[in-house]
Each structure stands twice: as structure tokens, then as C-alpha cells.
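Residues per chain are reported as follows:
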Amino acid sequence: MDDLCNYIGGRFVTHSDDQWLDNTEPATGSHICRVPLSDSSDVDAAVAAARSAHLAWSALSHSERADWLDRIADALEARYEDVAALESRDTGKPISLARDVDAQRSVSNFRFFAGILREHEEEVFEMASATNYVVHKPVGVGALITPWNLPLYLLSWKVAPAIGMGNTVVCKPSELTPMTADLLMQVIDEVGLPAGVVNLVHGDGAGAGAPLVAHSDVDLVSFTGGTSTGEKVAASAAPAFKKLSLELGGKNASIIFADCDMESTVAGVVRAGFLNQGQICLCGSRVLVEDSIYDEFRDRFIDAVEAMRVGDPSDEATDLGALISGQHLEKVQSYVELAKQEGGNLLTGGAPCMPVEFEHGNWMAPTVIEGLSPDSRCSTEEIFGPVVTLHPFSSEDEAVAIANNTRYGLAGSVWTGDLEKGKRVSEAIETGMVWVNTWLHRDLRVPFGGVKDSGVGREGGKWSLGFFSEAMNVCVKHD
Ligand code: TXE
């Protein structure tokens, strides 16, 4: 595999300094490619390219830009299997997941935003003596910063609405998973998108991410990543009043009532806890179970967790792959050690598990812990790995109190046969999104985002169109 290049002003270019980062496969530890460690001069060049493309791009109509999004979707779809294979190799996730979730959503993000752009209608507010109409103008140059857990899924979720609304952008993908961002640039180049509309700078947070957010010619920042990084991004963007959207961490509760359908609930809660090795901000890592069914649920849950196949990400039958990096594996393991100190009882997992031939990868057995206080650090801090804690509760109020007992507020799920109770409990949870009797059941039209330390703002559907534009009201007095 070649060294990667930045993509600036419609050309693949080498970065200014000869500094590189080794990109390795999480499953095997073997080398994939070298990633440019770009610096502020590369960021300057990318922002300048985005700025010079802005006038012409912003002058196109919504439907002309929607046509471009469709062309990108078609070209990306033609590379569907490449996207899945690269994403699986780069992140360590199972190929089936990379195909069904990552590749599928990356294509549909472009198609979906093309569709709603075409339907986007001017809002009009009539008064007795005047008519107001609302124009959505592009914001300008956007910085789009993405993490390693869902690399192209999240990048396409930002690029499509951002350029769809007439902005030009500079992307900064995670330095740990640069491969599908590079592939997207190849696709964008192939379809002939006007030069400078989408630019990409590879590199780490300090060298490339921070100067991009701070750049005086960047008007908007859309960031998905860790909460502590989000704090730095917010502090850097605030003095210039940049438009800011932050999608940060989560510590989501799955609340299980005694009247749930046991079989589908166990399957759903296992999926919520462990999909992508638990490395999704929406994962339900705290499982709260009504005390009358606690023992039965726990036993069936453990059986289902132990039945998951951990192994070769390229094997179609694999359920769980490797964790993203050695450093992240250490962090996740340190929480298991902490859980023991905090009085937790390890029901399954807890140790690294290294399938044969993969001993240099970052492997962790799916882990379930009970007996922790809902106030403990393991039960309230984001672990972001295949670790789930179980907690009994005896009333609706207690379940809601435990669910809300964290600094995060991103997502959650409620499992019950009583849909009125499901809705009542959902609305009592301090969070941006709740599912009832399902999880990660996504309609791209709905708002996505969190409260408390899980972020600021909403993206998704018309909320993305709103974030990536400035609404301007024009009031015309009648004759
Ligand atoms: O994310 P970072 P990391 C959580 C999870 C994980 C923790 C840290 O708990 O353990 O965050 O993960 C770029 N200015 N999530 O360290 O550092 C960085 O290069 C501008 C939850 O990998 O937040 C990358 O492109 N950019 C999350 C992106 O920010 C900066 C998904 C995210 O990296 C920067 C991933 C800076 N100062 C981790 N520093 C989710 N919400 O799903 C770094 N970056």
C-alpha cells in the first residue's frame, strides 16, 4: 500500500513536512500504509482552496448540488465492496458489519441528502401587511473532524449536507483510520467535483485538527469524537463565534422491564452493548434490569454474550473483531481492573482474547460485570469497549434515576411490553435519543445529538441542513 496523500484543490498532494504515522491493522498489528502528519501550512493550503472554490459552488442551486451528491453516491456504490473491505481492515470490525452498516450508510448518506435538498422548500410567513421568506445561505468554509469508530459513515454524514447546502469543506479524518476517507477523495476526484469543494488533510489532532479548528478562515466546525477533545474544540472555536456542532461520548442505559419479550430483548440488548466491539457512542453499556427478572435475564444475557464469535474480521461469520489500538485496549482493560477494585463481579470476559494467528492484534473478550454501585466510575464513565455492567432496579423512578446518573446524555433504550410506559420512561431520560424495544433503528430524517457532556447541537435530516446553513429572513412589505 502506498503512502497516503492529502487532497487539496482537486489534487492529491504530499504534505509539507516529511513526518509520517504508521497505520496498522488492529486485528494483526501489521502495517497498512503511512499517514501524512500534516501541519498548519497544509491546513492553510486546504482552507485557501476551500475558500477560493466557495463563491462558484455556493452559487449553484440546491438541485444542481443534489445532482453532485447523487454522482458521488453512485461512484461510491460502485466501490461498495472496497469500502467494506478497507473499513474492516482499518478498524478491525467484522466484514459483515462494515458492509451492512458502514458501506451501506456511506452511500445512503449522499443519496438521502440529495433527496431532501431537492425537497427543501423556502419557508414563508405571511403577515397582514408583509411577507417574510427565509433564505438558507451557506455558512462558508467548514472543518469536518471525524473519529475512528465509524470512519466513512460519519465523514459522509457531514460532507453530504455541508456541501449540499453550498459550503466548501476541509476534512480531517482520524489518523487511526484514514483509508476510506482517502477512498472518498478518489471517488470525488473521479466524478469531477469542482476543485476545492472538498479537501482533506491527514494528520493527528495537535498537528492538523487543532490548527484547522482555530483557522481564521474557517466559519463552521462539525466534530465527532471524545468529550475531552470536544472541550478543546469548543474553546478554540468560541472566540470567533464559529458555528459549532459537537457529537461526543455516551454512557447509555438499556432499561429492561419485567414485562418485556425476553428473547428479543436479550438479543437486542446484546447487540446494543457489543456492536462494533462496544465502540459506538450509542452503545448501551449500562444494562438496568427490573429486579423480579434480574436473575433470569442475567443468565440468558451471559449465554448470548458467550455465544458471540470473536475472531478474524474478514470472516463472514465473525460477530466481534479487534479494538482500534493497543492504547485503547489498555484503557478498556484498566476499567475492568477498576471494576474489580470497585467491588464488581466479573461474570464473563475481562481478559484479552487473542485468536490464533492474531496475537499481535488488540483483542478483548466481551465482558459483563455485575455488583457495581450505579455511582461507581465504571458505571458512569465512558469505557467505549466490549464491557457492559448490569444493575437491578425496583421501580420506574429508580431506573430513570440510575439512567440519568452520569455526565453523558446521548442515547438509551427501554424494553417493555407496555408502550405507554416505554414512552413515559423514554421522555424522563436526560438524553438526545431513546429507542423503545429496538436499538440503532435509524431514520435519517430524525434529529441526532446529545445533551449534557454528550454534545451541542443536532444533525440529521433538516437539522443538518439548518446547521450547515445560515437562515436569513427577508421581510417584504406589501404595496
Ligand atoms: O478521540 P479524539 P480518540 C471517545 C472514546 C474514546 C475517546 C478518545 O471514549 O476512548 O473518545 O478517543 C481529532 N483539535 N470517542 O482519542 O481524540 C482526532 O485526530 C481538533 C467517542 O480517538 O476525540 C480525530 O480526528 N481535532 C467518539 C478526532 O479528533 C482533534 C468516537 C477524534 O479524536 C484534536 C471516538 C484537537 N485538539 C472516540 N485532538 C464518538 N462520539 O463516537 C484530536 N482531534
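The next subject is the site of the ligand. Near the ligand you find 26 residues, and of these Trp148, Lys172, Glu175, Lys331 and Glu382 are the closest. Contact distances for the ligand include 3.4 Å between an oxygen atom and a backbone N or O atom of Gly205. Looking at the shell around the ligand, the elements that each hand over two or more residues are α7 (205-214), β10 (220-224), α8 (227-237) and α11 (326-341). Partitioning the shell around the ligand into residue classes produces ten nonpolar, ten polar and six charged. Both of domain 1 (6-248 + 454-477) and domain 2 (253-445) provide at least three residues apiece to the shell around the ligand.

Turning to unusual backbone geometry, a few remarks are in order. Generally, phi is negative for residues other than glycine and the peptide bonds are trans, each holding for most cases. Positive phi outside glycine occurs at Phe384, with the angle close to 65°. Note on placement: Phe384 falls in the loop between α12 (377-380) and β16 (387-393). Residue classification places Phe384 among the buried residues on the basis of a relative accessible area of 14%. For Asn437, which is not a glycine, the phi torsion comes out positive at approximately 60°. Here Asn437 lies in the loop between β19 (435-436) and β20 (451-452).

Along the chain, Pro313 turns up in the loop between α10 (294-306) and α11. Taking the relative accessible area as the measure of exposure, Pro313 reaches 5% and is therefore buried. Separated by 198 residues in sequence, Pro313 and Gly115 have C-alpha atoms that sit 34 Å apart. Pro313 has contacts with Ala27, Ser88, Gly92, Lys93, Pro94, Ile95, Phe358 and Trp363, leaving out every residue within four places of it along the chain.

We now examine helix α14 (residues 419-428). Those residues of α14 not exposed but buried are Lys421, Gly422, Val425 and Ser426. Along the axis of α14, the buried residues cluster in a sector spanning 130°; they form a single face. Exposed positions of α14 whose direction lies more than 90 degrees from the buried face are Glu420 and Glu427. Elements that come into contact with the buried residues of α14 comprise β12 (252-256), α13 (396-404), β18 (412-415) and β19. With a side-chain oxygen lying 3.1 Å from the backbone nitrogen of Glu420, the N-terminal cap of α14 falls on Asp418.

What follows deals with the packing of helix α1 (residues 40-58) against α7. When two helices pack together, their arrangement is given by the angle between the helix axes and the distance between those axes. The geometry of α1 relative to α7 is characterised by a closest axis approach of 8 Å and an angle of 45° between their N-to-C directions. Relative to α7, α1 is oriented oblique. Of the two elements, α1 crosses α7, and the hand of that crossing is right-handed. Every residue of α7 that contacts α1 at Ser40, Val43 and Val47 is listed here: Gly207, Ala208, Pro211 and Leu212. Taken together, the residues that form the contact of α1 with α7 break down as five nonpolar, two polar and no charged.

All right, on to the sheet that holds strand β13 (residues 284-290) then. What links the strands of a sheet is backbone hydrogen bonding, and the strands pair in either a parallel or an antiparallel sense. With mixed pairing, seven strands are arranged side by side in an open sheet as β14-β15-β16-β13-β12-β18-β19. The open sheet has two edge strands, β14 (345-348) and β19, and neither has a second partner. Bridge count between β18 and β19: two bridges; the pairing is parallel. Across the sheet, Ser413 pairs through a bridge with Trp435, a residue of β19.

Take the packing of helix α2 (residues 62-78) against helix α6 (residues 179-191) next. Two numbers describe how α2 lies on α6: the axes approach to 9 Å, and their chain directions differ by 120°. Overall, the two elements α2 and α6 adopt an arrangement that is oblique. The interaxial crossing formed by α2 with α6 has right-handed handedness. Along its contact with α2, which presents Trp68, Arg71, Ile72, Ala75 and Leu76, the element α6 presents Leu183, Leu184, Val187, Ile188, Glu190 and Val191.

So, on to the packing of aromatic side chains. If you walk through the whole model with that rule in mind, you get ten aromatic pairs. Measuring from ring centre to ring centre gives 5.4 Å for Phe297 and Phe301, while their planes differ by 20°; the resulting arrangement is stacked. Remark: Phe301 and Phe297 occur in helix α10; sequence separation between them is four residues, near one turn of the helix. Here Phe297 matches Phe301 in class, with each residue buried. Seen from the ring of Tyr153, Arg105 lies directly overhead, with NZ or CZ sitting 4.1 Å from the centre. Over the ring of Trp463 we find Lys462, and its NZ or CZ is 5.0 Å from the ring centre.

What follows covers the pattern of salt bridges. As enumerated under the stated definition, the model contains 28 salt bridges in all. With a closest N to O distance of 2.9 Å, Asp82 and Arg79 form a salt bridge. Salt-bridge contacts for Glu231 lead to Arg407; the nearest nitrogen and oxygen are separated by 4.0 Å. Within this pair, whereas Glu231 is found in helix α8, its partner Arg407 is found in the loop between α13 and β17 (408-409), the two being separated by 176 residues in sequence. Residues participating in the shared-partner salt-bridge network are Asp295, Arg298, Asp299 and Glu370.

Right, let's talk about the domain arrangement of the protein chain for a bit. Under the domain assignment used here, the protein chain contains domain 1 (6-248 + 454-477) and domain 2 (253-445). Domain 1 puts 32 residues into the contact, and the matching count from domain 2 is 32 residues. The interface formed by domain 1 and domain 2 includes two salt bridges. The tally of links between domain 1 and domain 2 comes to eleven residue pairs in polar contact (both at pLDDT 80 or more). In the side of domain 1 that touches domain 2, the residues fall into twelve nonpolar, 14 polar and six charged.

Attention shifts here to the environment of Gln186. Along the chain, Gln186 turns up in helix α6. Separated by 110 residues in sequence, Gln186 and Leu76 have C-alpha atoms that sit 9.5 Å apart. Excluding residues that lie within four positions of it along the chain, Gln186 makes contacts with Phe12 and Arg79.

Thresholds, definitions, all that
- Residues numbered from 1 in each chain as written.
- Predicted model: local features only at pLDDT ≥ 70, side-chain atom pairs only at ≥ 80, totals over all residues.
- Heavy atoms only, no water.
- Near = heavy atom within 4 Å.
- Polar contact = N/O pair within 3.5 Å; in protein donor to acceptor, adjacent residues only side chain to side chain.
- Helix = DSSP H or I, 4+ residues; strand = E, 2+ residues; numbered from the N terminus.
- Nonpolar A, V, L, I, M, F, W, Y, C, P; charged D, E, K, R; others polar.
- Domains from an automatic or database assignment.
- Buried < 20%, exposed > 50% of the residue type's maximum accessible area, 1.4 Å probe, protein only.
- Contact = heavy atoms within 4.5 Å.
- Arc of directions from axis to C-beta.
- Axes fitted to C-alpha atoms, helices over the stretch in contact; angles between N-to-C directions.
- Parallel < 35°, antiparallel > 145°, perpendicular 65-115°, else oblique.
- Left-handed = near helix turned anticlockwise from the far one by under 90°.
- Pairing = 2+ DSSP bridges.
- Phe/Tyr/Trp six-rings, centres within 6.5 Å; stacked < 30°, edge-to-face > 60°.
- Lys NZ or Arg CZ within 6 Å of the ring centre and 35° of its normal.
- Salt bridge = Lys/Arg side-chain N within 4 Å of Asp/Glu carboxyl O.

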